[in-house]
Amino acid sequence: MEHRGHPLHEYSVHRQVLDELGLDELGQKGNWSTEPTFTQRLRGSTRCSVARVKEIVLNRVPVLAWLPTYPIRENAVGDLISGCSVGIMHLPQGMAYALLASLRPVFGLYTSLYPVLVYFIFGTSRHISIGTFAVISIMIGSVTERLAPDSNFLVNRTNGSGSVNVDERDAYRVQVACSLTVLAGLFQILLGVVRFGFVVTYLSEPLVRGYTTASACHVLCSQLKYLFGVAPARFSGPLSLIYTVVEICRLLPLTVIPELVVSLVALTVLIVVKELNGCYRQKLPLPIPIELIVIIAATIITHYCGLSAKYEIDVVGEIPSGLKPPRAPDVTLFSAVIGDAFAVAIVGYAITISLGKTFALKHGYKVDSNQELVALGLSNTVGGCFQCYSVTCSMSRSLVQESTGGKTQVAGLISSFIVLITVLKIGSLFEALPKAVLSTIVFVNLKGMFKQFMDVPMLWKTNKVDLLVWLVTFTSTILLNLDLGLAVSIGFSMLTVIFRTQLPRYSILGQVPATNLYLDVDTYKEAKEIPGIKIFRSSSTIYYTNAEMYMEALQEKSGIQIGKLLGEKKKQASTLKQQEHKKDKNEPNQQRVNNVPNGTFSLVENNISAEAEGHPFKSGVALKLTESPAHGSSKGQVNWAYQSDTMPDSTSKTRSEYYEAGQASKDSDDKKGHVDEAGPHSIILDLSTTSFVDTVAVKTLKNIFRDVSEIGVEVYVAACQACVVEQLETAGFFSESIPKSKLFVTIHDAVLHILNKVGQIDVILDVSYNTKM
């Protein structure tokens, strides 16, 4: 047999039908794990020895592990070229992104220096470039502008107006940014020490991409004022982006034309050369450092042509030479920035670890997510004491570092030396640099983020739930600002996970003939239901949020309305009792049916309409109790589904016997169809998708066994994972009424057991113990 040109192989399995007890015996169930117990791990972690101390030091300070064995001949040249390239990129991006944080450009240079040195010592990724980044910068800027608005620093106020004390304002903004950075770093260190690096997994890729795209829109709008040379009012809180755009549009008639021309010329040059870098990246030994070239050219032209004085072009201004001494953060600001600090910590780490793991997978090494948290936290904490603001990795710089031959973080060390030289010696030369040129550098570097809009058509085709997460994240971040937008996005993303598990797909399975495959009958044409057996599966685990719906779906899919049947049973039992009481009263000498010697049973068709009563068995066979032939009076009718509850055990019959008895009077050609109409005698719950059970799930399963058994239908469980079986045992699920013999290894084992029990092997269904594929 062939399928699409490929031969199909066959296999046969010969084994006994296995329930859980048989599996335990066959597999020799026990605790065979070689992993250390919690006590052993705790004892090992607290044991003090030279080897243990060395292991801890090398894990916490990775540079000590790889730097002594650094292969100079293989890596030195690549790291040198890569470090120079990235260092050149740090200069314009550091100054430009500082404007996003509402700080002076020199603080962007500081941020490109100290954190890079710290990450060199404690980081585990070899290719990412730590430093300023647009998204984090705009998050810092939203906080500094909220806590230090221009209105708080007005001097010479007359008639509600006055000039702004820029020096005092900028100094306070630096305090706010540093305090926020230190607190974010402390959050990251704490999460890393307690090994909470997995927290970033709650930020799905659609969420991160939607959030960074919306952040790019915030960045774009924040730089429009430099592009047009206008001074819009500052807004904060929800809808601040909308208000800012409206305000800039209102001020467009006041555009400074020379500043707009400078912006357009710089933007055109940057776009053209960057596109050339992309087209010829395989042929160019190094990408053209167009950003640095544009900065140098714009500074020279502005300085020697006097553009700032003639045309009122806004320039960077004073850039002090030298380094600032460390200073402790203002802890009184912690309470005002704690929420923003946690958001910055999580977003910064998410960007860093996602890019770090991408490069690690590509180059075949491992990135420790918890150590990355510690490294990033130390970079922020130490940097915040040296007047830096929060850092993360930059995609553009990281790609350059990797593509130009960088092998280790030595490249980052070299790039920090270039920044250091700039800060110490040549930083003051850029005082005449127009801010509009820095804004164009920001615009160009947003290209990668805006390309993420292409996620929308891709997600529309692949996964609409992820598309919804992307759109909600983008919209909430645009409208509610960066902090509230992130909170709403995470909450909505978690809700989608809950809804997916709360609203799973329920299905009835059927067997593919002559195989042990059981598939959804609504999806696979060849999957046929086994007469008398309903196999029910949920696509998700069963727990408290969907346990009730699991019960309802079971009734709907199987056609067994348990509540109605139990009510019908009680009603029939009550009617029968009343009839017997009445006959005892009217005919005191008449012998009761259950005391009549030689009493016989005869099967008649139940005249109760199953459809009218909501009965699951369409025109099912009913058992009629009669006296001996000498007594002609009937004593009532009892539905056969409840026979085990109403008849003495000595005369009770199995469901299969009633099926066979009911078929005796029928034509043999109608036998199979009548069995189908009689309804299910067994239900198999496929728990293969269940990964855990809680107390609500255990209670629900117990109720299913109890209620379904009361209406004469047997319930079995199949394909439980070992961990789920252990949880069921711990919860006291198994008992005399629910023995382990009701739990089978596979669905096929359960089916074979049921068919063998009712005597229908190879009669109702062509099922064999020897399954061929």
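Residues numbered from 1 in each chain as written. Predicted model: local features only at pLDDT ≥ 70, side-chain atom pairs only at ≥ 80, totals over all residues. Heavy atoms only, no water.

Draft legend 1. Structural detail: the confidence of the model for the chain. Scored by pLDDT, the chain comes out at a mean of 81, with 84% of its residues at no less than 70. Within the chain, strand β12 (residues 621-626) has the poorest average pLDDT of any element, 32, and helix α7 (residues 114-122) the best, 95. Here residues 592-677 scores under 50 on pLDDT; set against residues more than four positions off or in separate chains, the count is 139 contacts. (pLDDT = per-residue confidence, 0-100. Helix = DSSP H or I, 4+ residues; strand = E, 2+ residues; numbered from the N terminus. Contact = heavy atoms within 4.5 Å.)

Draft legend 2. How the structure looks around the state of the cysteines. Enumeration according to the criterion identifies 0 disulfides in this entry. Summary of cysteine pairing: C178 is not part of a disulfide, and the nearest cysteine sulfur, belonging to C388, is at 7.3 Å. Accessibility expressed as a relative area gives 6% for C178, which makes it buried. (Disulfide = S-S within 2.5 Å. Buried < 20%, exposed > 50% of the residue type's maximum accessible area, 1.4 Å probe, protein only.)

Draft legend 3. Structural view of unusual backbone geometry. The phi dihedral of S102 falls on the positive side, at around 60°, and the residue is not glycine. Inspection of the secondary structure puts S102 in the loop between α5 (72-100) and α6 (105-111). Overall, S102 belongs to the buried group, its relative accessible area being 9%.

Draft legend 4. Just the pattern of salt bridges, in detail. In the structure shown here, the tally under the stated rule is 22 salt bridges. Two residues, D170 and R104, come together in a salt bridge whose shortest N-O distance is 3.0 Å. In this pair, D170 is assigned in helix α9 (residues 166-193) and R104 in the loop between α5 and α6, connecting sequence segments 66 residues apart. Judged by relative accessible area, D170 falls into the buried class, the value being 10%. Here the residues in one salt-bridge network are R104, D150, D167, R169, D170 and R173, joined through shared partners. (Salt bridge = Lys/Arg side-chain N within 4 Å of Asp/Glu carboxyl O.)

Draft legend 5. Up close: the sheet that holds strand β16 (residues 743-744). Overall, mixed pairing links the 6 strands, which are arranged β9-β8-β10-β14-β15-β16 in an open sheet. Whereas interior strands pair on both sides, the edge strands pair on one side only; in this sheet they are β9 (518-520) and β16. For strand β15 (residues 714-718) and β16, the ladder comprises 2 bridges, and the chain directions are parallel. From the neighbouring strand, V717 faces β16, where its bridge partner is L743. (Pairing = 2+ DSSP bridges.)

Draft legend 6. A look at the side chain of N445. Locating N445 in the fold gives a position in helix α19 (residues 435-445). A distance of 2.9 Å separates a polar atom in the side chain of N445 from a polar atom in the side chain of E291. In contact with N445, other than residues within four places in its own chain, are Q93, Y97, K274, E291 and S396. (Polar contact = N/O pair within 3.5 Å; in protein donor to acceptor, adjacent residues only side chain to side chain.)

Draft legend 7. Quick look at the packing of aromatic side chains. With the rule as written, the count across this model stands at 19 aromatic pairs. Note on F235 and Y243: the rings are 5.7 Å apart at their centroids and 50° apart in plane angle, and the pair reads as tilted. Relative accessible area serves as the criterion here: at 32%, F235 is assigned to the partly exposed category. Here a set of aromatic residues connected by ring pairs shows up, and it is made of F450, F453, W470 and F474. Above the ring of W460, the side-chain terminus of K464 is found at 4.5 Å from the ring centroid. (Phe/Tyr/Trp six-rings, centres within 6.5 Å; stacked < 30°, edge-to-face > 60°. Lys NZ or Arg CZ within 6 Å of the ring centre and 35° of its normal.)

Draft legend 8. A look at the side chain of T255. Structurally, the position occupied by T255 is in the loop between α11 (240-250) and α12 (257-279). Overall, T255 belongs to the buried group, its relative accessible area being 17%. A polar side-chain atom of T255 sits 2.6 Å from the main-chain carbonyl oxygen of L252. Ignoring sequence-local partners within four residues, the contact set of T255 consists of F228, V230 and L260.

Draft legend 9. Representation of a nonpolar patch on the surface in the model. A surface patch of nonpolar side chains, amounting to about 630 Å² of accessible area, comprises L190, V193, V194, F196, F198, Y202 and M494. Relative to the helices and strands, M494 is located in helix α22 (residues 464-502). (Patch = residues over 30% accessible without salt bridge, like charges linked within 9 Å, V, L, I, M, F, W, Y side chains within 5 Å. Areas by Shrake-Rupley, 256 points an atom, 1.4 Å probe, with all protein chains shown as cover.)

Draft legend 10. View of the nonpolar core. The biggest cluster of nonpolar side chains holds 104 residues, and the ones touching the most others in it are M95, M139, I140, V347, L433 and L438. The element contributing the most residues to this core is helix α15 (residues 334-363), with 15 residues. Not counting chain neighbours up to four residues away, the residues in contact with V347 comprise V135, I136, M139, Y211 and L486. Membership of the second largest hydrophobic core comes to 35 residues, among which are I542, V693, V708 and L743. (Core = buried A, V, L, I, M, F, W, Y, C linked by side-chain atoms within 4.5 Å.)

Draft legend 11. Broad picture of the packing of helix α8 (residues 134-147) against helix α10 (residues 205-228). Between α8 and α10, the least distance of the axes is 9 Å, while the angle of their chain directions is 60°. Where α8 crosses over α10, the two elements pack in a sense that is left-handed. Residue-level contacts link A134, V135, I138 and M139 of α8 to Y211, T212, S215, H218, V219 and S222 of α10. For the contact of α8 with α10, a count of residues per class yields 6 nonpolar, 4 polar and no charged. (Axes fitted to C-alpha atoms, helices over the stretch in contact; angles between N-to-C directions. Left-handed = near helix turned anticlockwise from the far one by under 90°. Nonpolar A, V, L, I, M, F, W, Y, C, P; charged D, E, K, R; others polar.)

Draft legend 12. Representation of the pairing of strand β10 (residues 533-538) in the model. Most of β10 sits out of view: 5 of its 6 residues are buried. Where β10 meets strand β14 (residues 682-686), 5 bridges bridge the pair, whose relative direction is parallel. In the sheet register, K534 faces β14, and the bridge partner there is I683.

Draft legend 13. Looking closely at the environment of I295. Among the secondary structure elements, I295 is positioned in helix α13 (residues 290-305). Taking the C-alpha atoms as reference, I295 lies 9.3 Å from I441; in sequence the two are 146 residues apart. When near neighbours in sequence (up to four residues on either side) are disregarded, I295 contacts P92, M95, F430, L433, L438 and I441.

Draft legend 14. Layout of the pairing of strand β8 (residues 506-511). Of all the 6 residues making up β8, 6 are buried; the element is thus mostly covered by neighbouring parts of the structure. By the alternation rule, side chains of β8 split into Y506, I508 and G510 and S507, L509 and Q511, which are all buried. Judged from the 4 bridges that link them, β8 and β10 form a sheet pairing that is antiparallel. What sits directly across from S507, in β10, is R537. In this sheet, β9 lies alongside β8 in antiparallel orientation, the contact comprising 3 bridges. Its bridge partner lying in β9, L509 is registered against D520. Between the antiparallel neighbours β8 and β9 lie 6 residues, among them A514 with a positive phi of about 65°.

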